[in-house]
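Working through the structure, step by step
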Amino acid sequence: MITLVLSIISILIMTEFVLGNFVNGFIALVNCNDWLRKQKVSLADGILTALAVCRIVLLWTILINWYATMYNPALYSLRIVIRVAWTVSNHFSNWLATSLSIFYLFKIANFSSLIFLHLKWRVKSVVLMMMLGTAVILFFQVAVLSIDETIQTSEYERNITEKTKLRDILHLSNMTLLTLTNFIPFTMSLISFLLLIFFLWKHLRKMQLNGKRSQDPSTKVHIKAMQTVISFLFLFATYMLTVILTIWNSNELQKELVQRLFQALAITYPSIHSFILIWTNRKLTQTFLSFLWQPRCWLKVKGT
């Protein structure tokens with residue numbers, strides 16, 4: 001029974017990996033092609049393209065880690081490289097998705113606060129400064145991670161089990177930084193969502209007072225953006241919970257079934273959310289539908 005469950009989870013991981021690479025590759029190719037054709041790119045398309053590339057790297061690191069832990073323990077010597085690649089791709093994936101949520105907030109909401117209006121007019125600079133600021137945090141995170149993993153790998157290869165205060169401090173710092181770098185972007189996305197909800201409530205109330213229909217074009221755009229943020233929050237929350245449980249309970253997650261289950265949940269986030277991004281983007285949706293219809297048209301022509 002356990003073997004059957006492990007096989008099902010493995011098939012699920014591989015399926016999500018293939019679909020995730022396909023959909024993120026599709027987003028990157030469509031936006032890059034549009035960029036080359038028009039010689040310019042919008043902020044939203046730039047964020048989407050960078051996010052898609054980061055998620056492809058993230059998917060590959062999750063798959064390699066899954067293969068190394070399940071089938072090839074000899075790759076333990078490459079643990080540092082895998083963990084650093086995962087940390088970097090995970091960091092930018094999370095913050096770029098958060099930037100997208102913040103972009104939707106500034107694009108759609110229209111509060112009378114001077115601070116909000118100032119940030120709204122300079123949303124490109126806000127996103128750029130946020131990414132540069134978090135890159136500094138990433139530098140320290142990678143440094144602590146590299147030292148911690150180097151010590152653990154050295155102890156593993158020499159079969160040393162004794163603990164030192166320095167190792168404990170480094171390991172605790174590493175786990176704390178990983179937790180914070182996942183929790184902070186989630187919190188910012190949650191705040192963006194709550195502000196969107198509040199603005200929608202004010203917008204609907206104003207329209208009711210003016211005797212207008214609630215399903216006007218601006219409201220529909222607002223609701224669609226909220227659907228994107230909600231889906232991101234749900235998938236990100238699942239992913240963040242998986243990562244945090246793995247970080248703080250690494251010694252207790254030695255069972256093969258539990259490890260594969262957590263990896264299957266982790267790989268869902270960069271795969272499924274990208275499908276939702278296509279569905280909520282008119283250009284990507286039209287291109288995707290056109291891509292799906294091409295084989296059918298080709299078969300029709302061939303049949304005639």
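Before reading further, recall that the structure is shown in the block above.
To keep things clear, this report deals only with the structure shown in the data block. (Residues numbered from 1 in each chain as written. Predicted model: local features only at pLDDT ≥ 70, side-chain atom pairs only at ≥ 80, totals over all residues. Heavy atoms only, no water.)

So, on to the overall build of the chain. A count of helices and strands for the chain gives 9 helices and 0 strands. Mapped from its N terminus to its C terminus, the chain presents α and β elements in the order α-α-α-α-α-α-α-α-α. The 304 residues of the chain split such that 43% are buried. For the chain, the proportion of contacts with a sequence separation of at least 24, taken over those separated by at least 6, is 81%. (Helix = DSSP H or I, 4+ residues; strand = E, 2+ residues; numbered from the N terminus. Buried < 20%, exposed > 50% of the residue type's maximum accessible area, 1.4 Å probe, protein only. Contact = heavy atoms within 4.5 Å.)

Inspection of the entire model under this criterion finds 4 salt bridges. With its nearest N and O atoms 3.7 Å apart, the salt bridge here joins Asp34 to Lys38. Taken together, the positions of Asp34 and Lys38, both in helix α1 (residues 2-38) and 4 residues apart, correspond to about one turn of that helix. Take Lys38: its relative accessible area is 46%, and that puts it in the partly exposed class. Put simply, Lys283 and Asp45 hold a salt bridge, and the shortest N to O gap is 3.0 Å. Of the two residues, Lys283 sits in helix α9 (residues 282-303) while Asp45 sits in helix α2 (residues 43-70), which places them 238 residues apart along the sequence. (Salt bridge = Lys/Arg side-chain N within 4 Å of Asp/Glu carboxyl O.)

Here we take up the side chain of Thr87. Its place among the elements puts Thr87 in helix α3 (residues 79-108). The class for Thr87 is buried, based on a relative accessible area of 1%.

Let us look at the packing of aromatic side chains. Across all of its chains, the model carries 9 aromatic pairs by this definition. With a centroid separation of 6.3 Å and 55° between ring planes, the pair formed by Phe22 and Phe288 is classed as tilted. One end of the pair, Phe22, is in helix α1; the other, Phe288, is in helix α9, with 266 residues separating them in the sequence. Of the residues examined, Phe22 reaches a relative accessible area of 34% and is grouped as partly exposed. For the pair Phe26 and Phe288, a centre-to-centre distance of 5.3 Å together with 80° between the ring planes defines the contact as edge-to-face. Of this pair, Phe26 sits in helix α1 while Phe288 sits in helix α9, and the two are 262 residues apart along the sequence. Here Phe26 matches Phe288 in class, with each residue buried. (Phe/Tyr/Trp six-rings, centres within 6.5 Å; stacked < 30°, edge-to-face > 60°.)

The backbone of Gln39 shows a phi angle near 60°, a positive value even though the residue is not glycine. Within the secondary structure, Gln39 sits in the loop between α1 and α2.

Here we come to the packing of α3 against helix α4 (residues 114-121). In a pair of packed helices, the angle between the axes and the distance between the axes together describe the arrangement. Running from amino to carboxyl end, α3 crosses α4 at an angle of 110°, the nearest separation of the two axes being 9 Å. With respect to α4, the axis of α3 lies roughly perpendicular. In this structure, α3 crosses over α4, and the sense of that crossing is left-handed. Contacts from Leu105, Phe106, Lys107 and Ile108 in α3 reach Phe116, Leu119 and Lys120 in α4. (Axes fitted to C-alpha atoms, helices over the stretch in contact; angles between N-to-C directions. Parallel < 35°, antiparallel > 145°, perpendicular 65-115°, else oblique. Left-handed = near helix turned anticlockwise from the far one by under 90°.)

With that settled, consider the nonpolar core. Ile13, Trp86, Phe236, Tyr239, Tyr269, Ile278 and Leu284 are the most contacted members of the largest nonpolar core, which totals 62 residues. Among the elements of the structure, α1, α2, α3, α5 (123-158), α6 (165-209), α7 (217-248), α8 (256-279) and α9 are those that each provide at least two residues to this core. With 12 residues, the single largest contributor to this core is α2. Beyond its immediate sequence surroundings of up to four residues, Ile278 is in contact with Val23, Phe26, Ile27, Leu284, Thr285 and Phe288. (Core = buried A, V, L, I, M, F, W, Y, C linked by side-chain atoms within 4.5 Å.)

Bringing α3 into the picture now. The terminal C-alpha atoms of α3 lie 43 Å apart, and with 30 residues this matches the ideal 44 Å at 1.5 Å per residue to within 8%. Burial within α3 is extensive, with 22 of its 30 residues counted as buried. (Expected span 1.5 Å × (residues − 1).)

On the secondary structure map, Phe193 appears in helix α6. Looking at Phe193, the relative accessible area reads 15%, which means it is buried. In this structure the C-alpha to C-alpha distance between Phe193 and Ile102, which are 91 residues apart in sequence, comes to 8.8 Å. The contact partners of Phe193, leaving out residues within four places of it in the chain, are Val229, Ile230 and Leu233.

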